[in-house]
Amino acid sequence: MPNIVVVGAGVSGLTTALLLSKNSSYKVTIIARHMPGDYDIEYTSPWAGANFLPFSTKEGSRWEKGTWPELARLAKDVPEAGIHFQEALIYNRNKDAGGPVTDWFNDLLSTNPWFKDLVPNFRVLPKSSMPAGADSGTAFTSVCINTAIYLPYLVSQCLANGVVLKRAVISHISEAAMFHHSGKKADVIVNCTGLLASKLGGVMDTTVIPARGQIVVVRNTPGSMFTISGTDDGEDEVCYIMQRAAGGGTILGGTYQKGNWESQPDPNTAVRIMKRAVEICPELVEKGQGIEGLSVIRHGVGLRPLRKDGVRIEKEKIEGTWVVHNYGHGGYGYQTSYACSQGAMDLVDEVLSPKANL
Ligand code: FAD
């Protein structure tokens, strides 16, 4: 009966624990400083939109390709997960090409992307249907996840499978081994600490940095999700809109500020975010209205755990215990969650196999 401790209760830790708990011989404990229900600058998952907009290149598309079917299944068959299908409209301005933000989602902006046969209803938009300034555009059916429902849903699925959740703060990854609910030392630790992998003893991955995202959550309904390749308000400001499932409000974004740890929303940035949203989607407000037509629920800031070489799914023996890493998901932690967690689970299976311990 292998004992496994998963560190982290964000979308990465919860999804990995859920997949592990489907193997009835695994006894899984989740320990975390923050749990669903908490809002904290060191806990990214509650702040995400979150939708499925593939950012990877064709070569790196494994995690997104492997996650879409599960998100689509949840949207179709599991209403209590808090995920619904939504139309996504992607606009591209040629003048944004090569910028620091567009650079990481070139494939999303393409009119012939690798994912055109993965998502339903992919099509190229006629110029006449796009806002002024857009040079090309595409649309497809995506999903939007209400994180305030989805994270507790993952917790409930874990609990149903016997996973034990505990609050704990560790300062070195090897300490996690002592927190298994059996009272015995864990055989494997799974590291899903997100941004804090940059500060955790035994890991200290300094290639993980925050990409700060400021958002405004409103009650207004846009009808579709919108994203555009850039803004005229600075290179680290972005513009997107997504309507969460089941009354979760609409997320207006945002910013993509690398290396910025500031936890407080900036009021001037918030005004720019709202102005851009109304410009790209005038249907958000009544005819003739500007941002005064928006009904604000709250302002927020989340820090995307951006890793220089992309997500880290690796095994490593640290102070005599196997550690499987699953962190560094940047702005794509939900849309890669199932495949990344499956990848982490494959490594757990591997290190627990008799061969690995000969
Ligand atoms: P986290 O959610 O940060 O969880 C880390 C966990 O580890 C927490 O429970 C924390 O308490 C715990 N922990 C850390 N250190 C310790 C320690 N020392 N001791 C104990 N516990 C510890 N992704 C998408 O796929 N689609 C989107 O549309 C999208 N939109 C986004 C919009 C914004 C504004 C932001 C900020 C992010 C967005 N993302 C999106 C990205 C996504 O939110 C992240 O990639 C994802 O949430 C990372 O999850 P995680 O579980 O790895 O980390």
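Residues numbered from 1 in each chain as written. Predicted model: local features only at pLDDT ≥ 70, side-chain atom pairs only at ≥ 80, totals over all residues. Heavy atoms only, no water.

Q: Just to check I follow, could you spell out the packing of helix α2 (residues 62-77) against helix α6 (residues 337-352) for this structure?
A: Between α2 and α6, the least distance of the axes is 6 Å, while the angle of their chain directions is 115°. Between α2 and α6, the residues in contact are R62, W63, G66, T67, E70 and L74 and S337, Y338, A339, C340 and G343, respectively. Looking at side-chain class alone, the contact of α2 with α6 contains 5 nonpolar, 4 polar and 2 charged residues. (Axes fitted to C-alpha atoms, helices over the stretch in contact; angles between N-to-C directions. Helix = DSSP H or I, 4+ residues; strand = E, 2+ residues; numbered from the N terminus. Contact = heavy atoms within 4.5 Å. Nonpolar A, V, L, I, M, F, W, Y, C, P; charged D, E, K, R; others polar.)

Q: Even after reading the chapter, I still don't get the site of the ligand, so can you show me in this structure?
A: Residues in contact with the ligand amount to 39 residues; listed here are only the nearest, H34, S45, N51, G330 and Q335. In this structure, an oxygen atom belonging to the ligand sits 2.9 Å away from a main-chain N or O atom of A9. One of the backbone N or O atoms of Q335 is found 2.8 Å from an oxygen atom in the ligand. Protein contact buries 98% of the 1,000 Å² of open area that the ligand shows by itself. Where the shell around the ligand is concerned, the elements lending two or more residues are α1 (11-21), β8 (208-218), β10 (237-243) and β13 (296-307). Classifying every residue of the shell around the ligand by side-chain character gives 20 nonpolar, 17 polar and 2 charged. (Near = heavy atom within 4 Å. Polar contact = N/O pair within 3.5 Å; in protein donor to acceptor, adjacent residues only side chain to side chain. Areas by Shrake-Rupley, 256 points an atom, 1.4 Å probe, with all protein chains shown as cover.)

Q: What is the right way to read the domain arrangement of the protein chain from this model?
A: Bring the parts together and some accessible area is lost; that lost area is often taken as the interface size. Looking at the protein chain, the domain boundaries give domain 1 (3-46 + 149-208 + 309-352) and domain 2 (85-143 + 209-307). When each unit is reduced to the centre of its C-alpha atoms, the spacing between domain 1 and domain 2 is 30 Å. Tallying the contact residues gives 22 residues for domain 1 and 14 residues for domain 2. Counting each side, the surface lost to burial between domain 1 and domain 2 is near 1,500 Å², with a carbon and sulfur contribution of 62%. Between the two partners, domain 1 and domain 2, sit 1 salt bridge. Residues R307 and D205 are paired through a salt bridge, measuring 2.8 Å at the closest nitrogen-oxygen approach. Where domain 1 touches domain 2, the interface holds 7 residue pairs in polar contact (both at pLDDT 80 or more). Looking at the side of domain 1 that touches domain 2, its residues break down into 8 nonpolar, 10 polar and 4 charged. (Domains from an automatic or database assignment. Buried area = accessible area lost by both parts, 1.4 Å probe. Salt bridge = Lys/Arg side-chain N within 4 Å of Asp/Glu carboxyl O.)

Q: What exactly am I supposed to notice about the pairing of strand β9 (residues 225-228) here?
A: Note on strand geometry: in a regular strand, side chains alternate between the two faces of the sheet. Because side chains alternate across β9, one face comprises the buried residues M225 and T227, and the other comprises F226 and I228, equally buried. Pairing of strand β3 (residues 83-92) with β9 involves 4 bridges; the strand directions are parallel. Each bridged residue has a counterpart across the sheet, and for L89 the counterpart in β9 is F226. Note: β9 against β10, 3 bridges, orientation antiparallel. In the sheet register, T227 faces β10, and the bridge partner there is Y240. (Buried < 20%, exposed > 50% of the residue type's maximum accessible area, 1.4 Å probe, protein only. Pairing = 2+ DSSP bridges.)

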